Amino acid sequence: MPVLLERCVALLTPALTRQHPDGSGAVLVDATLGAGGHAERFLSELPGLRLIGLDRDPTALDIAADRLAPFADRLTLVRTRYDGIADALAESGYAATGSIDGVLFDLGVSSMQLDRSERGFSYAQDAPLDMRMDPEAPLTAADILNTYDQAALTDILRRYGEERFASRIAAQVVRRRAHTPFTSTGELVSLLYQAIPAPARRTGGHPAKRTFQALRVAVNGELDSLRAALPAALDALDVAGRIVVMAYQSLEDRIVKGVFAEATASRTPPGLPVELPGHAPQFRSLTHGAERADAAEIERNSRSAAVRLRALQRVEQRSARRGDR
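Residues numbered from 1 in each chain as written. Predicted model: local features only at pLDDT ≥ 70, side-chain atom pairs only at ≥ 80, totals over all residues. Heavy atoms only, no water.

- As recorded by an unreviewed UniProt entry, the chain carries the name Ribosomal RNA small subunit methyltransferase H and is attributed to Mycobacterium talmoniae.
- Quoted verbatim from the Catalytic activity (unreviewed entry) heading of the UniProt record, the comment on the chain is "cytidine(1402) in 16S rRNA + S-adenosyl-L-methionine = N(4)-methylcytidine(1402) in 16S rRNA + S-adenosyl-L-homocysteine + H(+)".
- Entered under Sequence similarities (unreviewed entry) in the UniProt record, the comment concerning the chain runs "Belongs to the methyltransferase superfamily. RsmH family." (UniProt positions renumbered as here; feature names shortened; annotations may be inferred.)

In structure tokens form, the structure reads like this:
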């Protein structure tokens, strides 16, 4: 079940029901298409909508293509990371600036990827240490564990997993791989149970959670991709266009919060008593901080327990209008 589906529909629909002066309908970019759950709802309810779905995972695109086959005439699928949004728009016949009405990001690993044990994303099942969202990408989690030096491993675990036992884990990884390289998630989980002190294992969730997050983020370059993708998505929005971003861990949400704060800030120099023409904020926030799932939503979909949703609407009037369609 898609996370916060009703809230996403409520936030994005006002921007997706308008008709433009050139007679064209609205365009939504689903930058993290996955299995197409959110996309299916929007295409079903909005018959004039065109949707551009992005995903780096070819399996996800195949699944989404089958699911969304009834809407094929209004659907464009592009295999790319979400920081390739500008190129994806160009490939689909849209300008990278001011041509889109809505953008949706549902960040992190998808339920579909977690459920496929052979992908190695889950610490609950023994599988190859892969963790690539794009199975053709060169770097795997096993590569990191077996070749990065202790300092680099510590940095990854601390920076991307906020793991307080990063140095202990890295040291044990280096000692173990000296005689037996890592090949499976089960081997890593076993080591983590040994490396993390027993009192710490009893609080804060599964002891492998932070290490698996860190490796996945490093393998897929998720945070760097997000830093590049958000400004590109904001640039793509037309006036009154809206963006919704759902993050599932604090590192992602900090990036979203920072980019959104800058987008909603006044550009009038500090100290002036009035807003200068052309210096008003480019966007306004549609949420009060980060919204969280309520108890009913979490009961329906346990993945929503960690979600933080933020949304903006473009309010700045542009001199340049919509791009060629």
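Points about the UniProt feature "binding site: S-adenosyl-L-methionine" (unreviewed entry) in the chain
Alright, step 1. The sites that carry the UniProt feature "binding site: S-adenosyl-L-methionine" (unreviewed entry) are, in the present numbering, G36, G37, H38, D55, Y82, D106 and Q113.
Alright, step 2. For G36, the location among the structural elements is in the loop between β1 (27-30) and α2 (37-45).
Alright, step 3. Those residues in contact with G36 that lie beyond four places of it in its chain are A64, R67 and L68.
Alright, step 4. Of note, Y82 is situated in the loop between β3 (75-79) and α4 (85-91).
Alright, step 5. Relative accessible area serves as the criterion here: at 8%, Y82 is assigned to the buried category. (Helix = DSSP H or I, 4+ residues; strand = E, 2+ residues; numbered from the N terminus. Contact = heavy atoms within 4.5 Å. Buried < 20%, exposed > 50% of the residue type's maximum accessible area, 1.4 Å probe, protein only.)

Some thoughts on the sheet that holds strand β6 (residues 283-285)
Across a sheet, strands are paired by hydrogen bonds formed along the backbone, either parallel or antiparallel in direction.
Alright, step 1. Here seven strands make up an open sheet; going across it, the order is β3-β2-β1-β4-β5-β7-β6 and the pairing mixed. Of all strands in the sheet, those bounded by a partner on one side alone are β3 and β6. With direction set aside, neighbouring strand axes in the sheet form an average angle of 15°.
Alright, step 2. As paired strands, β1 and strand β4 (residues 100-106) are joined by three bridges and run parallel to one another. What sits directly across from D30, in β4, is L104.
Alright, step 3. The strands touched by helix α12 (residues 222-236) within the sheet are β4, β5 (237-247), β6 and β7 (308-314), with β5 carrying the most contacts at an inclination of about 150°.
Alright, step 4. Contacting β5, β6 and β7, helix α13 (residues 250-263) crosses the sheet at an angle of about 20° to β7. (Pairing = 2+ DSSP bridges. Axes fitted to C-alpha atoms, helices over the stretch in contact; angles between N-to-C directions.)

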